[in-house]
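# Examining the three-dimensional arrangement
These are the residues of each chain, in order.
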Amino acid sequence: MKVTLSALDTSESSFTPLVVIELAQDVKEETKEWLKNRIIAKKKDGGAQLLFRPLLNKYEQETLENQNLYLVGASKIRMLLGAEAVGLVKECNDNTMRAFTYRTRQNFKGFDDNNDDFLTMAECQFIIKHELENLRAKDEKMIPGYPQAKLYPGKSLLRRLLTSGIVIQVFPLHDSEALKKLEDTWYTRFALKYQPIDSIRGYFGETIALYFGFLEYFTFALIPMAVIGLPYYLFVWEDYDKYVIFASFNLIWSTVILELWKRGCANMTYRWGTLLMKRKFEEPRPGFHGVLGINSITGKEEPLYPSYKRQLRIYLVSLPFVCLCLYFSLYVMMIYFDMEVWALGLHENSGSEWTSVLLYVPSIIYAIVIEIMNRLYRYAAEFLTSWENHRLESAYQNHLILKVLVFNFLNCFASLFYIAFVLKDMKLLRQSLATLLITSQILNQIMESFLPYWLQRKHGVRVKRKVQALKADIDATLYEQVILEKEMGTYLGTFDDYLELFLQFGYVSLFSCVYPLAAAFAVLNNFTEVNSDALKMCRVFKRPFSEPSANIGVWQLAFETMSVISVVTNCALIGMSPQVNAVFPESKADLILIVVAVEVLASSSPSATIHALLALKFILAFAIPDKPRHIQMKLARLEFESLEALKQQQMKLVTENLKEEPMESGKEKAT
């Protein structure tokens with residue numbers, strides 16, 4: 001028998017605050033009361049059935065500054081039923097992973113009616129977020145007290161409140177004690193050690209933990225490239241013939257590390273339960289809008305929006321805008337080459353030490369301009385993708401990532417391709433690659449971690465002074481925490497972090513055979529990146545809501561695509577080597593295109609070594625299973641048990657129908 005919320009008491013006089021809702025200062029009382037009633041109302045009445053109270057009581061509001069802050073929590077029973085609703089997977093007493101249900105809660109490892117630690121704080125905050133985001137308008141035509149804030153059936157209430165400026169922000173609270181323990185094992189003591197990935201997952205959720213797991217894995221995977229690249233740089237810097245070996249190794253390396261990551265990722269996410277989470281039909285994302293109707297697949301009421309309108313917006317507005325931005329990026333690139341010609345001419349005329357330093361200035365300026373353009377384009381891409389009105393969050397993320405990746409790839413690497421295959425200037429290619437890589441790493445460290453951390457520390461000092469000046473009879477610990485955290489920056493997700501690693505992977509895999517130190521600089525950057533990103537998560541930004549993830553999503557495809565491009569690039573660089581030029585002495589102009597075409601078509605040719613390497617790359621991609629054998633066996637067993645359970649259920653229904661038939665026949669005879 002399924003347990004429903006209405007059958008259980010989910011109210012508590014006091015509760016642990018998990019989420020904070022900040023309202024604007026001039027919000028009307030009727031709006032506050034309406035919002036409170038919708039949050040605490042039962043699910044059958046269209047509410048979220050959560051717990052809700054103001055941060056300050058009436059007496060404290062007279063002493064402290066009223067910030068219109070409200071705390072949201074939930075009872076233990078409500079959390080457990082919410083865990084079942086969102087499909088959380090937990091480990092059972094028989095060591096298998098199964099979807100949690102309230103009815104079978106005693107079968108799960110670590111569950112106790114008197115124990116509040118069965119669900120992590122991150123999971124509880126995820127459940128509350130899910131319920132708040134799915135509060136939707138039913139019969140309301142407007143937000144009470146705000147006639148201009150129109151509502152229609154199916155509109156997300158939280159989204160309308162945010163866009164109308166009534167709700168300023170919604171964010172989860174930190175757990176000070178748990179955060180201190182995590183920091184002590186993560187980044188406060190600088191040492192070369194593995195990260196506490198499981199602890200990161202327990203506090204921040206699977207999406208954040210997977211990013212840090214991938215960052216750690218990618219850093220260690222770069223070490224072989226760095227170790228091999230250092231002697232190449234030190235001893236055979238000008239011996240271009242030897243780079244053929246390095247490029248060949250690059251082909252294998254870029255494939256193996258991505259295939260092995262899939263296996264490690266499957267191990268982690270199975271242990272966390274997210275590999276088994278069933279998400280067949282995603283709920284509409286909070287920003288999705290349309291006319292309330294019946295979903296033909298689920299049979300549920302939800303906003304509907306014609307797909308042809310979305311396609312028109314994509315192809316008539318978004319696509320032309322992206323093409324225009326790509327053209328502008330190429331135009332800026334040509335200005336950069338004009339600056340290079342000017343700096344080179346100035347150096348040739350004077351030959352002084354000052355002008356030799358000036359040779360690096362165009363590349364540095366161009367690297368800074370690239371970072372600025374990437375950030376500005378990101379805002380435009382987010383606006384366009386939101387305007388396209390995608391129903392699912394996954395579709396929204398995929399379209400946003402595609403827009404940003406296409407622009408960032410061209411913006412960051414177009415100049416390198418132009419130098420390598422049009423100008424064919426290997427010296428300028430090394431200089432540009434080194435300058436772009438190092439400058440982008442320095443700028444990212446400053447903009448993403450150190451500058452926000454410095455600003456946050458200044459704000460923290462001001463808040464503490466203000467709280468210390470309050471009356472001594474007020475316990476302002478929670479007040480201080482909420483005021484401090486609400487002013488922190490909002491962490492916008494792992495998008496920028498993965499994008500940084502994606503571009504770094506491009507610099508290393510595409511042209512590292514020309515500049516072997518690229519991998520070494522990437523390793524040094526990533527060792528500091530781990531600590532700066534950890535600091536950023538714990539002390540700079542608000543705590544992000546947890547989000548279950550089974551893998552790194554579309555970024556896996558992005559890295560694999562970059563790996564394929566690196567194959568073509570490295571083959572072309574091999575084709576430019578003196579060794580291959582000696583084989584084709586009369587076709588230097590078209591040699592690069594010939595080599596690339598030959599490799600793509602995989603036709604028979606004398607260069608058997610290169611073909612063998614390419615064949616080995618694709619064989620490895622298919623030969624290395626995405627999931628380890630023991631994970632495959634466990635998944636197969638769970639699938640078998642599900643099919644058996646379904647078969648038994650069908651047999652039970654058939655048996656019940658057969659029992660009813662004789663009874664009906666007897667009634668007919670009696671009649």
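Going by the structure above, here's the rest.
All of the points below concern the structure found in this document. (Residues numbered from 1 in each chain as written. Predicted model: local features only at pLDDT ≥ 70, side-chain atom pairs only at ≥ 80, totals over all residues. Heavy atoms only, no water.)

### Concerning the sheet that holds strand β3 (residues 69-73)
The strands that make up a sheet are held in pairs by hydrogen bonds between backbone atoms, and each pair lies either parallel or antiparallel. Taken in spatial order, the four strands line up as β2-β3-β1-β8 in an open sheet, and their pairing is antiparallel. Each having just a single partner strand, β2 (51-54) and β8 (167-172) make up the two edges of the open sheet. Across the sheet, the mean angle from the axis of one strand to that of its neighbour is 20°, orientation sign disregarded. Direction of pairing for β2 relative to β3: antiparallel, over a ladder of four bridges. Of the residues in β3, the one forming a bridge with Arg 53 is Leu 71. (Pairing = 2+ DSSP bridges. Helix = DSSP H or I, 4+ residues; strand = E, 2+ residues; numbered from the N terminus. Axes fitted to C-alpha atoms, helices over the stretch in contact; angles between N-to-C directions.)

### So, the side chain of Ser 563
Inspection of the secondary structure puts Ser 563 in helix α18 (residues 554-575). A relative accessible area of 3% places Ser 563 in the buried class. Here the side chain of Ser 563 touches Ser 254 through a polar contact of 3.2 Å, side chain to side chain. (Buried < 20%, exposed > 50% of the residue type's maximum accessible area, 1.4 Å probe, protein only. Polar contact = N/O pair within 3.5 Å; in protein donor to acceptor, adjacent residues only side chain to side chain.)

### Regarding the packing of helix α3 (residues 76-86) against helix α4 (residues 121-133)
Interhelical geometry of α3 versus α4 gives an angle of 75° and a closest axis separation of 10 Å. Between α3 and α4, the angle is such that the two are roughly perpendicular. Listed contacts from α4 to Arg 78, Met 79, Gly 82, Ala 83 and Val 86 of α3 are Cys 124, Phe 126, Ile 127, Ile 128, His 130 and Glu 131. Each residue belonging to the contact of α3 with α4 can be placed in one class, and the counts come to seven nonpolar, two polar and two charged. (Parallel < 35°, antiparallel > 145°, perpendicular 65-115°, else oblique. Contact = heavy atoms within 4.5 Å. Nonpolar A, V, L, I, M, F, W, Y, C, P; charged D, E, K, R; others polar.)

### Things to note about the packing of aromatic side chains
All chains considered together, the criterion is met by 34 aromatic pairs. Between Tyr 336 and Phe 337, the ring centres sit 5.1 Å apart and the planes meet at 45°, which makes this aromatic pair tilted. An identical accessibility class is assigned to Tyr 336 and Phe 337; each is buried. Between Phe 417 and Phe 421 the ring centres are 6.0 Å apart and the planes differ by 40°, which places this aromatic pair in the tilted class. With a gap of four residues between them, Phe 417 and Phe 421 both fall in helix α13 (residues 393-423), about one helical turn apart. Above the face of the Trp 387 ring, Arg 313 is positioned so that its terminal group lies 4.5 Å from the ring centre. (Phe/Tyr/Trp six-rings, centres within 6.5 Å; stacked < 30°, edge-to-face > 60°. Lys NZ or Arg CZ within 6 Å of the ring centre and 35° of its normal.)

### A word on the state of the cysteines
This model, assessed by the stated rule, comprises zero disulfides. Unpaired in this structure, Cys 323 has its nearest cysteine sulfur neighbour in Cys 325, at a distance of 9.3 Å. On the basis of relative accessible area, Cys 323 is assigned to the partly exposed category, the value being 42%. (Disulfide = S-S within 2.5 Å.)

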